[in-house]
Every structure is written in structure tokens, then in C-alpha cells.
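# Per-entry structural report
Here are the chains, one letter per residue:
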Amino acid sequence: MSTQAPQTAYKMKTPPRTMTGAEAVVACLLEEGVDTIFGYPGGAIMPVYDAFYDYQDHLKHILVRHEQGAVHAAQGYARVSNRVGVCIATSGPGATNLITGIADAQIDSTPLVCITGQVGSHLLGTDAFQETDVIGISMPVTKWNYQITKAEDIPAAFAKAFYIARSGRPGPVLLDITKDAQFNKLDFKYEPCTGIRSYAPYPKSRPDDIIAAASLLNSAKKPYILVGHGVLISEAQEEFRAFVEKTGIPVASTLMGLSAFPCDHPLYVGYLGMHGNYGPNVKTNQADVILAVGMRFDDRVTGNLASYAKQAKVIHIEIDPSEIGKNVKPEVAINADAKEALLALMPHVHERTHTAWIQEFKDCDAIEHEKVIKREFTLPENSIKMANVVERISRKTSGEAIVVTDVGQHQMVVSRYYAFRGHENNVTSGGLGTMGFALPAAIGAKFARPNDEVIAVIGDGGFQMTLQELGTIFQEETGVKIVLLNNNFLGMVRQWQQLFFDRRYSFVEMKNPNFIKIAEGFGITARKIEHPSELDAALDEMLAHKGPYFLEVVVEREENVFPMVPTGASVADIRLE
């Protein structure tokens, strides 16, 4: 994460020395430069909501329709702004409804401060109304959590929470505040946290490791770079591009690394993973040196670890020491922030070209084009393929829109065919794979970057998990564009059942409602198309529309996404059909 200071904080005109704990919560948020918060009120957090009332001109609160919507919106806000996202909920079910999003933020390294109300401290442990041990529940999925039972502890806890959330490998923090701590008074003084004993979020690379890594790269015949989310978190996109252009090494991206490097760059060779491009997967097992920058070698990238890149010497740049060697043992480990490591490496690497090696990727591209892409872009007479929709959105937005995806086939198609050219423009649920993520995350992204086009591409299954957030769009007049790819199936599960379970389609077909009426019921302009001849005009209408727009595209019912690395297979065994 960038070490830059938080946004300039709003200062209260004549800050009272003595205030309630609830007022202190608001003051802490303002001190940290927070301008937007996503939440849902309730009894145990009501004192804080009362304090919000006096600061509506300085702290915008977005009323979501479900607490899961609040945390996903905060994720979307954080992901495209590189700032800490903030959400708030009441105790009991309000707090537990945040857990899915918190777990999603933890595995995808998204900085959040989540605030929950709690019953009075004298009632803790009594099973009081809407009491839940949210500290115990959230402990495995937070970077840090803390229960505040005294008003005077609020400033220090908030300062620590924001520091932990944004520093090093970022992640979610939860603060649980008892109701009496919100009512009681304190002498308010805020001191930003700049360090914590025993917590070293920014390890420095060792000169010997830098020299060893450079030596491997300089002598490699088939070097290969894998770029992950860490480059975006570190805000090292420019440093990474300069490094790649100096070394001439081909680059492939993980799902979370998309938009860290321009997809139209001549050294970009494609997308890694289970449904990634053919060349990037196959050539992993032919490279002699692999440089992994800010990625964690998860199973969707590696396939079967027993056969993953055994011929290669791996250099791993990673800020979180627990990720180094966890899945793939590196020859050289550089435990450092991506930007710091790249800057340290830059003077030691040689200017080179790898024409013959890059041609091998192009040869693979030709095979993939013939066996997969050509088929996907051959429009049937009466049906629309997902790839056609995504590729046209990419062209019409010049690859510069913020694209938010849910989880499933549409997510993989976007990853393959949206040619990201902007920075931090890919927002998706990676590690946890949370259906229902896209719609609220798109709302958060639009509040973070209101002048950018934000397009949520969603499947009909995931959309129905959080479609109530159309109400948030309606109330806030949020200009999100929604593209629903509707095949009346849980498409990814159906694909697996077709390929690996003898077409035994067990509970994956969906009888869907009239999505157009639902969108229009929330005051959103909506259109449905079913024929290829309607596609261009519908997309143009959507992109030209001022304000929110809902476009339902009926796509092929049993379309599969290829290439595909079957579960447990080697990346070299990727299937093209």
C-alpha cells in the first residue's frame, strides 16, 4: 500500500474538548480524512448516527439496503481510490451481515475500517437482545479487531485501526463499540498512529537478494514476469512498466493484477489462471526464470503444485512474509513492498530483448485464436455470446472504464476480453469468490471516482443476491451502468456439471423474474435485448445515458468458457475445448 499520508482531514470549527464517545467516532473519521461512509443504522449504533446528523455536509453517509451491501461498497470505494473504505452497522445481525465482505477484503488485501455497535458493556456475555460476539466471529478474517468499552479509548483505537488497515499488506479492521462507550464523555485529543511496536509493515529488501535476483534475470533465456495485485496496492504501475520495458520480459497478469499493466502493451502476453489465456499458462512450465511481483501463487494460478514450474528459478517479491514459500518455494525471496523492490532492482538489470521467446507466446495466441476466440466471436444468427458483449464494451470505452464483476462465467469473460488500459480499473472478488459482490462494489467505486464510467457486469445468479442495492442507486442517483448477462443458469456451476458430472444439471437452472420491471421499479432506465443486431445500439444508448442504466443481455444458455485448467490438473494440461 502507498505510504502517502491520508487525505487532508476536515477540522471541526471549534472542536469541543469534552464530547461523547459517539461524537468522538465522527471526529476520528474526520481527522482521518474520511468523506464517505456506507452503512445501515440500528439500536446499538444509534448514538453514532445521531452524531452524524450534525456533520452531513462533511461526511457523506450512504444508506445501503443490507449490511453486506455496505461492506462491498466500502471495498469498491477502497479498491479504486487506494484509500481506506469505511462501513458501519449495528450489533447482532447487522454485524454478522458484514462478515462475508470482511472475509472477502481480507483475502483480497482491501483496506477497510468496519464499525459495529454493541450492547452496553454491563450486558456483554448475557445474550442480550442483538448481542453477538462479533470480535470472536471476525477474528479469523480481520487484520486486527478490537472491542471498545470505554469512551476514552476511542481516539487511540481509531488511529491504530486506520494505520493497520492501510499499512503493509492492507486489510480489514473491525472496531466494536459498546453503547455506553458511545454515550459516555471523554476529553478528545487525536494523534494519528505512525507505528506500533512489533509491527513492521514495510520490510526493506536486502541488497544480496536484489543482486541475486538481477543476476538470474540478466542471464535468463526465457524469463517471465507474473504481475499481481500488489503492484496496484503499492501504486507501482509506472515503476513496473519502466522495469518491464527495460528488461524486455513478457508479462502475464493474475485476475487481481489486471489493470496493473496495459493490456495493449507489446510485452503483455495475457491473463493467467484456470480460464486464462493458453500461452501464459503453458509457458509457465517452460520459462527458466519467473519473477512474481505482488502475487501469492494461489491454486487458480498454479493448478497442480506438484507439476508447477519445476524447471524455473522463481524470484518472489512479496510484502507479506507469510506468503513467501507458502505454495511455491522461491530461489530468491524479496520480502518488500513492490515499488521499493522494483526501484532497487532497476539499476541492476540489463536492457534486453527476448524476441524468440515472445514469439512462442504469439504462436500460442494463434492456436487459442483458432480453437477458442474465433469460435467465440462468430456470432450465431439468433443468440449473443458473452465475449461479444464484453469486447464491444471494451472498444467503446477504450479500455478505460472501471469494470466491476461478480463471480462466475461473466467474470472470466471480462478478464479475458476487457482490454484494461487504466489503473485500478478492475474490481472483482478474487480469493473468496463472492457472488453478490459486483452491484454494491460498483456503487462504492462510483462514489470514489464519480467522473469515471463505472460498469458492473453481472450474471443473473449473483445479481439476485444483492439486487436490493438498486434502492441505494435510486436514492443516491448513482450513475452506475449495469450489464446483466442472463443465461438463466448458474453458468459456471452448470459448465462444471456438464464437463465433469455427465451433464447432471443439479439445481442450476434459474427461473428468473422480469428484471426490467424490477429496475424500472427503482426508477432506473432499463432495456432488454436478445438479438445480436441490437447489441451495438443498446451499448451506445447505455454509455450515452446520464445517470444509472440497466441493460439485460440474454446470452447463450449453455455457453462454456475456455480455455480451462481442470481442478487438480497441471497448467500445461489446459483445455481449449
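Residues numbered from 1 in each chain as written. Predicted model: local features only at pLDDT ≥ 70, side-chain atom pairs only at ≥ 80, totals over all residues. Heavy atoms only, no water.

## Describing the sheet that holds strand β13 (residues 313-317)
Spatially, β11-β10-β9-β12-β13-β14 is the arrangement adopted by the six strands of the open sheet, whose pairing is parallel. For this open sheet the edge positions go to β11 (268-271) and β14 (332-334), each flanked by a neighbour on one side alone. The average angle at which neighbouring strand axes cross in this sheet is 20°, direction not considered. Across three bridges, the pairing between strand β9 (residues 223-227) and strand β10 (residues 251-253) is parallel. Paired with L226 across the two strands is A252, which belongs to β10. In this fold helix α11 (residues 237-247) packs onto β9, β10 and β12 (289-293), with an angle of close to 170° to the strand it touches most, β9. Of the strands in this sheet, β12, β13 and β14 touch helix α14 (residues 338-345), which is tilted by about 125° from β13. (Pairing = 2+ DSSP bridges. Helix = DSSP H or I, 4+ residues; strand = E, 2+ residues; numbered from the N terminus. Axes fitted to C-alpha atoms, helices over the stretch in contact; angles between N-to-C directions. Contact = heavy atoms within 4.5 Å.)

## Some thoughts on the pairing of β12
By the criterion of burial, β12 is predominantly enclosed, with five of the five residues buried. The alternating pattern of β12 places V289, L291 and V293 on one face and I290 and A292 on the opposite face, and all of these are buried. Taken together, the five bridges between β12 and β13 define a ladder with parallel strand orientation. Residue V293 lies in a different strand from β13, and its bridge partner there is I317. (Buried < 20%, exposed > 50% of the residue type's maximum accessible area, 1.4 Å probe, protein only.)

## So, the nonpolar core
Counting residues in each nonpolar core, the largest one holds 80 residues, and the members touching the most others are I225, F240, V293, I315, I334, V483 and V553. Each of domain 2 (207-361) and domain 3 (381-554) gives at least three residues to this core. In this structure V483 touches V389, I393, I455, A456, V457, I458, M542, L551 and V553, once residues within four positions along its chain are discounted. By size, the runner-up hydrophobic cluster in this structure holds 51 residues, among which are V71, L439, A442 and F550. (Core = buried A, V, L, I, M, F, W, Y, C linked by side-chain atoms within 4.5 Å. Domains from an automatic or database assignment.)

## Observations regarding the side chain of R449
Assignment of secondary structure puts R449 in the loop between α18 (438-448) and β17 (454-459). Those residues within four positions of R449 in sequence are excluded, and the remaining contacts are V80, I402, H423, E424 and N425.

## Section: the packing of helix α16 (residues 386-396) against helix α23 (residues 535-544)
At a minimum axis distance of 11 Å, the contact between α16 and α23 shows a crossing angle of 45°. Viewed along their axes, α16 and α23 adopt a mutual orientation that is oblique. Relative to α23, the crossing made by α16 is right-handed. Seen from α16, the contacting residues are N388, V389, R392, I393 and K396; seen from α23, they are L535, D536, L539, D540 and L543. (Parallel < 35°, antiparallel > 145°, perpendicular 65-115°, else oblique. Left-handed = near helix turned anticlockwise from the far one by under 90°.)

## Section: the domain arrangement of the chain
Where the parts come together, the accessible area they lose is often given as the size of the interface. Domain boundaries in the chain define domain 1 (17-188), domain 2 (207-361) and domain 3 (381-554). Each of domain 2 and domain 3 has a C-alpha centre, and these two points are 30 Å apart. Taken together, the contact pairs 18 residues of domain 2 with 19 residues of domain 3. Note on domain 2 versus domain 3: buried area summed over both sides is about 1,600 Å², and carbon and sulfur give 57% of it. Among the residues domain 2 hides against domain 3, the three largest losses belong to L255, S259 and H275. Together they make up 35% of the total. Along the contact surface separating domain 2 from domain 3 lie one salt bridge. Residue R421 is joined to D264 by a salt bridge in which the shortest nitrogen-to-oxygen separation is 3.0 Å. Our count for the contact surface shared by domain 2 and domain 3 stands at seven residue pairs in polar contact (both at pLDDT 80 or more). For the side of domain 2 that touches domain 3, the residue count by class is nine nonpolar, five polar and four charged. (Buried area = accessible area lost by both parts, 1.4 Å probe. Salt bridge = Lys/Arg side-chain N within 4 Å of Asp/Glu carboxyl O. Polar contact = N/O pair within 3.5 Å; in protein donor to acceptor, adjacent residues only side chain to side chain. Nonpolar A, V, L, I, M, F, W, Y, C, P; charged D, E, K, R; others polar.)

## Looking at empty space enclosed by the protein
The tally for this structure, following the rule as stated, stands at three cavities of 30 Å³ or more. Each pocket or cavity is described by its volume, and for the largest cavity that value is around 120 Å³. Forming the walls of the largest cavity are 13 residues, and the residues nearest its centre are A78, R79, N82, H229 and I233. Within the residue set of the lining of the largest cavity, elements represented by two or more residues are α3 (67-81) and α10 (229-233). No other element matches α10, which puts three residues into the lining of the largest cavity. Taken together, the residues of the lining of the largest cavity sort by class into six nonpolar, five polar and two charged. Here the lining of the largest cavity spans two domains, since at least three of its residues come from each of domain 1 (17-188) and domain 2 (207-361). (1 Å grid on protein atoms, 1.4 Å probe; cavity = no way out; pocket = protein on both sides within 12 Å on 5 of 7 lines; lining within 4 Å. Points joined across faces, edges and corners; volume = space filled by probe spheres on them.)

## What about the packing of aromatic side chains?
Inspection of every chain in the model, using the stated rule, returns 16 aromatic pairs. Here Y49 and F52 contribute two aromatic rings whose centre-to-centre distance is 5.3 Å and whose plane-to-plane angle is 80°, an arrangement assigned as edge-to-face. Residue Y49 and its partner F52 are located together in helix α2 (residues 46-52), separated by three residues, close to a single helical turn. Residues F297 and Y308 carry aromatic rings whose centres are separated by 6.0 Å and whose planes lie at 70° to one another, so their mutual orientation is edge-to-face. Residue F297 is located in the loop between β12 and α13 (299-302), and its partner Y308 is located in the loop between α13 and β13; the two are separated by 11 residues in the primary sequence. Among the residues examined, F297 registers a relative accessible area of 2% and is labelled buried. Overall, Y308 belongs to the buried group, its relative accessible area being 4%. Three or more aromatic residues link up through ring pairs in this structure, and these residues are F38, Y77 and F447. Positioned above the aromatic ring of F489 is the side chain of R494, whose terminal nitrogen or guanidinium carbon lies 5.8 Å from the ring centre. (Phe/Tyr/Trp six-rings, centres within 6.5 Å; stacked < 30°, edge-to-face > 60°. Lys NZ or Arg CZ within 6 Å of the ring centre and 35° of its normal.)

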